[in-house]
Amino acid sequence: MHRRTSRRTALVLSTAALVAAPLLTACGSEAHPGAAAVVGDDRITVAQLESRVNEVRDAQRAAVPDDTQYEQAIAKSGGLTRSTLHTMVLDKVLHRAAADAGVRVTRRDVQRMRAGLEKQAGGGKALEEGWLQQYGVAPARLDDSLRTEIEAQKLAQKLGADMQSPEGQAVFWKALTAASKKLDVDLNPRYGTWDVDKNKRVDARTPWVREVSEDAGSARGSQEPQA
């Protein structure tokens, strides 16, 4: 399950792995007006999604002032809008699973993990830049990302799931699948659907849904490439 082991060996799970996991069964039905996704009683609006994407793009622009290098950074994260939406949705799924299991993450937990990672990375700025470059996490969202990491670790521990074994992974993902079903996730078709058989997200092929660029409507104009 843990497909990004390069992040650091200390972590049991990663947000990136959650993004890749085949948990949701989005119905692909008529989208709620203005919503990129509906997760239980929560709506992730298109505006919220675009704002999150712009946070990353702004951070990339600030970190890489050179135009050529910035274009390269954009190219490496070409699927940013869809991957960001998946992260936002799956964070909610994980939080529901953790809540159902009685798992809680404190501010102190986050501070402790961040301090340890900053020491490993050589400082706070280095940590922020590393997560931005490798995982598309804007500096302002780093604590949120760490909270998700800790929540996943604690959930695995609470379930007695050894994430180094197939059996442990199955226990963990069963809990998230149950949470996903309870939340009845509804994904806007413009961002694709979930193919349960192939265990991956697939792009919608409906002719009446216009293919949207990865940063459509974001106030970034022509500087963003088309998906």
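Here is what the cut-offs are and how they apply
- Per chain, residues are indexed from 1 in the order of the written sequence.
- Totals for whole chains, interfaces and linings use all residues, but because this is a predicted model, local features are given only for residues with pLDDT of at least 70 and pairs of side-chain atoms are given and counted only at 80 or more.
- Only hydrogens and water are set aside when side-chain values are computed; all heavy atoms of the structure are taken into account.
- Orientation is described by lines fitted to C-alpha atoms, with helices fitted over the stretch in contact, and by angles between N-to-C directions that extend from 0 to 180 degrees.
- Secondary structure elements follow DSSP: runs of H or I of four or more residues count as helices, runs of E of two or more count as strands, with numbering from the N terminus.
- Each angle receives one of four descriptions, namely roughly parallel if under 35 degrees, roughly antiparallel if over 145, roughly perpendicular if within 65 to 115, and oblique otherwise.
- Two residues qualify as a contact provided that any one of their heavy atoms is within 4.5 Å of a heavy atom in the partner residue.
- Amino acid classes used here: Ala, Val, Leu, Ile, Met, Phe, Trp, Tyr, Cys and Pro are nonpolar; Asp, Glu, Lys and Arg are charged; the rest, including Gly, are polar.
- The term salt bridge refers to a pairing of a side-chain nitrogen on Lys or Arg with a carboxyl oxygen on Asp or Glu at a separation within 4 Å.
- Throughout, exposure labels follow a simple rule: accessible area from a 1.4 Å probe, protein chains only, divided by the maximum for the residue type, with under 20% read as buried, over 50% as exposed, and the rest as partly exposed.
- The crossing is said to be left-handed when, going from far helix to near helix, the turn is anticlockwise and less than a right angle, and right-handed when the turn is clockwise.
- At least two bridges found by DSSP between two strands are what make those strands a pair.

Closest axis-to-axis distance for the helix α5 (residues 107-121)/helix α6 (residues 124-135) pair is 8 Å, and the angle between their directions is 90°. In terms of orientation, α5 lies roughly perpendicular with respect to α6. Along its contact with α5, which presents Arg114, Leu117, Glu118 and Ala121, the element α6 presents Gly124, Ala126, Leu127, Glu128 and Trp131. Residues belonging to the contact of α5 with α6 are distributed by class as follows: 5 nonpolar, 1 polar and 3 charged.

Bringing the pattern of salt bridges into the picture now. Note that side chains of opposite charge can pair when their charged atoms are close. Here the structure, examined in full by the defined rule, presents 12 salt bridges. Among the salt bridges present, the one from Asp109 reaches Arg112, with a minimum N-O distance of 3.6 Å. Here Arg112 and Asp109 lie together in helix α5, a separation of 3 residues that amounts to about one turn. A residue is classified by how much of its surface remains accessible, and Asp109, at 15% relative accessible area, is buried. Residue Arg112 is classed as partly exposed on the basis of its relative accessible area, which comes to 49%. The partner of Arg114 in a salt bridge is Glu128, with the nearest N and O atoms 2.9 Å apart. Linking Arg114 in helix α5 with Glu128 in helix α6, this pair joins segments that are 14 residues apart in sequence.

For the rest of this paragraph, the subject is the packing of helix α4 (residues 80-100) against helix α7 (residues 142-159). Running from N to C, α4 and α7 point in directions that differ by 40°, and their axes come no closer than 10 Å. What the angle tells us is that α4 and α7 run oblique. Where α4 crosses over α7, the handedness of that crossing is left-handed. Only Thr148, Glu151, Ala152 and Leu155 of α7 make contact with α4, whose side of the interface consists of Asp91, Leu94, His95, Ala97 and Ala98. For the contact of α4 with α7, the class distribution of residues is 5 nonpolar, 2 polar and 2 charged.

This part takes up the pairing of strand β1 (residues 35-39). A large share of β1 lies buried, amounting to 5 of its 5 residues. Across 4 bridges, β1 lies against strand β2 (residues 42-45) in antiparallel orientation. Note that in β2 the partner of Val38 across the bridge is Arg43. Between β1 and the antiparallel strand that follows it, β2, lie 2 residues; Gly40 among them carries a positive phi value of about 65°. With 2 bridges joining them, β1 and strand β3 (residues 186-187) adopt antiparallel strand pairing. What sits directly across from Ala37, in β3, is Leu187.

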